[in-house]
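An overview of the molecular structure
One-letter residues, chain by chain:
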Amino acid sequence: AGESAHLAVMSGRDVLYIVEERAARRPALVTDVGVRLPAHLTASGRAMLAGLPKEQVRALYPEAASFADRTGRGPRRPAELREVLRAVRAAGFATEDGEITLGMRSIGVAVRDHNGWPTAAVAITWPQEADRDADTLVADARSVAVELERRLYRVGARTPAD
């Protein structure tokens, strides 16, 4: 994709980055392997949150005090998060525009296990001023997510005799 890409999993209300691939000649990012960031502010977190039951999201974000802030952008109340996640479900991918780092954008696509639960997310991040087609980046992230799902399904479908 020519941009930085990440694989993250949920850890409470955070995403935990487990793989990071940095693009050459792009600004440094706050993400890295082992870094945790607020899920409701990241494209990867939003992609996973959108695939959870509404009751689980409500348990994670019951009140305004549950919401961390980094740049003054992003949802700050449960109703605002519900609206963001509704848009993610409708689009089939998540976006983030300066909620983690001003001047940076991300898209995220959930990776689902063999039961359909979000188990991880693939995200791609690029500078706002870069002339990038988000649809192309979504397609790139989706192709990686589909391959990971295929591999997870194969592992999840194994029996002890395999």
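Residues numbered from 1 in each chain as written. Predicted model: local features only at pLDDT ≥ 70, side-chain atom pairs only at ≥ 80, totals over all residues. Heavy atoms only, no water.

Time to look at the overall build of the protein. Within the protein one finds four helices and six strands. Counting helices and strands in the order they occur from the N terminus, the protein gives β-β-β-α-α-α-β-β-β-α. Taken over the C-alpha trace, the protein has a radius of gyration of 15 Å; the compact-globule value for 162 residues is 15 Å, and the two agree within 12%. Oriented by its inertia axes, the alpha-carbon framework of the protein measures out at about 50 × 40 × 30 Å. A burial count over the protein gives 39% of its 162 residues as buried. (Helix = DSSP H or I, 4+ residues; strand = E, 2+ residues; numbered from the N terminus. Rg over C-alpha atoms; globule rule 2.2 N^0.38 Å. Buried < 20%, exposed > 50% of the residue type's maximum accessible area, 1.4 Å probe, protein only.)

The strand order across the open sheet built from six strands is E3-E2-E1-E6-E5-E4, with neighbouring strands paired in antiparallel fashion. Edge strands, defined here as strands with exactly one partner in the open sheet, are strand E3 (36–38) and strand E4 (94–97). Taken pair by pair, the neighbouring strands of this sheet meet at an average axis angle of 30 degrees, ignoring direction. Two elements, strand E1 (residues 4–11) and strand E2 (residues 14–21), share seven bridges in a ladder whose sense is antiparallel. Of the residues in E2, the one forming a bridge with His6 is Glu20. (Pairing = 2+ DSSP bridges. Axes fitted to C-alpha atoms, helices over the stretch in contact; angles between N-to-C directions.)

Take the nonpolar core next. Residues Val15, Leu49, Val57, Tyr61, Leu81 and Leu85 are the most contacted members of the largest nonpolar core, which totals 23 residues. A per-element tally of this core places helix H1 (residues 43–49) first, with four residues. With near-sequence residues (within four places) excluded, Tyr61 lies in contact with Arg13, Ala39, His40, Leu49, Ser66, Phe67, Pro78 and Leu81. With 14 residues, the next largest nonpolar core counts Ile107, Ile124, Ala130 and Leu137 among its residues. (Core = buried A, V, L, I, M, F, W, Y, C linked by side-chain atoms within 4.5 Å. Contact = heavy atoms within 4.5 Å.)

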